[in-house]
Each structure stands twice: as structure tokens, then as C-alpha cells.
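Results of the structural survey
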Amino acid sequence: MLENLSGAVLGDDRCAIDGCSVPTWAIPLQNLARAFAKFGTGQGLAPERARAAARLRAACTQKPWHVAGTGRFCTEIMQLFGARVFVKTGAEGVYCGALPEQGLGIAIKCDDGAGRAAQAIMAAIIARFLPLGDAERAALTRFVRPILRNWNGFEVGSLQMMDRNLPPPL
């Protein structure tokens, strides 16, 4: 199934066990994005697979807590946007997602393995490509430009997207 979704050849030499004890394959980012686009839209899948993907997406967006748990980016984003966005964290700065209405799959990898940077990037991509109402835009801002606080709760900085070729996401 992963080979069909991603278009990547997945041999045993590219398989490891992730932090959840699940077998995980090294897949190029463009292939991961392709897989999430197919999963998000059902396009390019056999009819029974497309229906199964739609059921899985619906279950995840109806009960996003089961995807990642309390207070997690995945959970909060899917609570905010429902079926319009599907996101899932990976290990070591990997984040993937789908914007089904736009037909887009997203795959991000932060080289330093930072999850908070990957979340800010994912939020900025959502802000750039998903049509947003004022309330959604306001709710997404805290993810696009997260405030960094020390252990005492004092603001010590923030994360911000720095791509000189693109306009600010919000």
C-alpha cells in the first residue's frame, strides 16, 4: 500500500522501527507528499482504497485526539479545520499533511529534527494554501508565529518563517 501511495520502492534495507515501535520506511519527501495527496483526495487509488482513505480521514478529523493526543499540534489543527486539513507528525522534524479540497499533499523535514519548527512551517503552509476565515486566521497565528517561553513563563523569543521569495503567510 505505501509503495502504491508514494510511488517509492520500499525494500527491507530502508526500513527501521520508529518511536512508536511501528515499522517505518525511509521515503523521499516528494514521494511522501504524493502519498498524502493521494490519501487526501483518493485520486489515483482503486475505488475500495479511496473509500477506505476517506473513512480513515473522517475518523481522524472527527476524533483528532486519537491521532496525537491532548495539546498536540495535529490534534489542535484538525479540531480547528475538521476535514479540510489532515496532518500527522513524524519523527525527527518530519511533518506530513493533506489539504484535500486543494488536492495537495505536504511533506516537511527539518534537518535539525526540531518538531516546533516543523509545526510552524506546516502552519504557514496551511495559512498560505487554505482559504481562511478571520476566526481561522486568528486561531492559526499562534502556530505560524509561536512565542517561545522559558521555564518561568517569560517570553524569550518567537519562531518566524524567513523565506524572502514568498510573502508572509498571515
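Scroll up a little and you will see the structure.
First things first, this report covers the structure right here in the doc. (Residues numbered from 1 in each chain as written. Predicted model: local features only at pLDDT ≥ 70, side-chain atom pairs only at ≥ 80, totals over all residues. Heavy atoms only, no water.)

Some points on the environment of Gln62
Here Gln62 shows up in helix H3 (residues 47-62). Assessed through its relative accessible area of 62%, Gln62 is described here as exposed. Taking the C-alpha atoms as reference points, Gln62 and Gly82, 20 residues apart in sequence, are found 7.1 Å from one another. (Helix = DSSP H or I, 4+ residues; strand = E, 2+ residues; numbered from the N terminus. Buried < 20%, exposed > 50% of the residue type's maximum accessible area, 1.4 Å probe, protein only.)

Points about the side chain of Thr61
Among the structural elements, Thr61 can be located in helix H3. Looking at Thr61, its side chain comes within polar contact range of the main-chain oxygen of Ala58, at 3.3 Å. With sequence-adjacent residues up to four places away left out, Thr61 is seen in contact with Met78, Gly82, Ala83 and Val85. (Polar contact = N/O pair within 3.5 Å; in protein donor to acceptor, adjacent residues only side chain to side chain. Contact = heavy atoms within 4.5 Å.)

A short note on the layout of surface pockets
Leftover empty space is mapped by rolling, across the atoms, a probe with the size of a water molecule. Empty space within the largest pocket amounts to approximately 1,300 Å³. Contributing to the lining of the largest pocket are 38 residues, with Asp18, Thr24, Phe36, Lys88 and Thr89 lying nearest its centre. Its residues placed into classes, the lining of the largest pocket shows 26 nonpolar, five polar and seven charged. (1 Å grid on protein atoms, 1.4 Å probe; cavity = no way out; pocket = protein on both sides within 12 Å on 5 of 7 lines; lining within 4 Å. Points joined across faces, edges and corners; volume = space filled by probe spheres on them. Nonpolar A, V, L, I, M, F, W, Y, C, P; charged D, E, K, R; others polar.)

Here we look at the environment of Arg14
In this structure, Arg14 sits in the loop between helix H1 (2-6) and strand S1 (15-17). Taking C-alpha positions, Arg14 is 8.2 Å from Ile27, a pair spaced 13 residues apart along the chain. Apart from residues lying up to four places away in sequence, Arg14 is in contact with Thr24, Trp25 and Ala26.

What to know about the pattern of salt bridges
The full count for this structure, using the stated rule, is three salt bridges. Ionic pairing is found between Arg142 and Glu76, a salt bridge with its closest N-O pair at 2.1 Å. Residue Arg142 is located in helix H7 (residues 134-144), and its partner Glu76 is located in helix H5 (residues 73-81); the two are separated by 66 residues in the primary sequence. Accessibility expressed as a relative area gives 51% for Arg142, which makes it exposed. Given a relative accessible area of 22%, Glu76 falls into the partly exposed group. Between Arg84 and Glu136 there is a salt bridge, with its nearest N and O atoms 2.6 Å apart. Linking Arg84 in the loop between H5 and strand S3 (86-89) with Glu136 in helix H7, this pair joins segments that are 52 residues apart in sequence. Exposure class is identical for Arg84 and Glu136. Each is buried. Each of Arg84, Glu101 and Glu136 takes part in salt bridges that share partners, so that together they form one network. (Salt bridge = Lys/Arg side-chain N within 4 Å of Asp/Glu carboxyl O.)

Observations regarding the packing of aromatic side chains
As enumerated under the stated definition, the model contains four aromatic pairs in all. Consider the rings of Phe73 and Phe143, whose centres lie 5.3 Å apart with planes at 80°: the pair is edge-to-face. Here Phe73 is found in helix H5, whereas its partner Phe143 is found in helix H7, with 70 residues between them in sequence. Here Phe73 matches Phe143 in class, with each residue buried. For the cation-ring pair, Arg57 lies above Phe39, with the distance from its terminal atom to the ring centre recorded as 5.9 Å. (Phe/Tyr/Trp six-rings, centres within 6.5 Å; stacked < 30°, edge-to-face > 60°. Lys NZ or Arg CZ within 6 Å of the ring centre and 35° of its normal.)

Overview of the pairing of strand S5 (residues 104-109)
Pairing of strand S4 (residues 94-99) with S5, which is carried by six bridges, proceeds in the antiparallel orientation. Looking across to S5, one finds that Leu99 is bridged to Leu104. (Pairing = 2+ DSSP bridges.)

So, the pairing of strand S7 (residues 155-158)
As paired strands, strand S6 (residues 147-149) and S7 are joined by three bridges and run antiparallel to one another. When the bridges of S7 are listed, Arg149 appears paired with Glu155. The loop that links S6 with its antiparallel partner S7 comprises five residues; one of these, Gly153, has a positive phi angle of about 85°.

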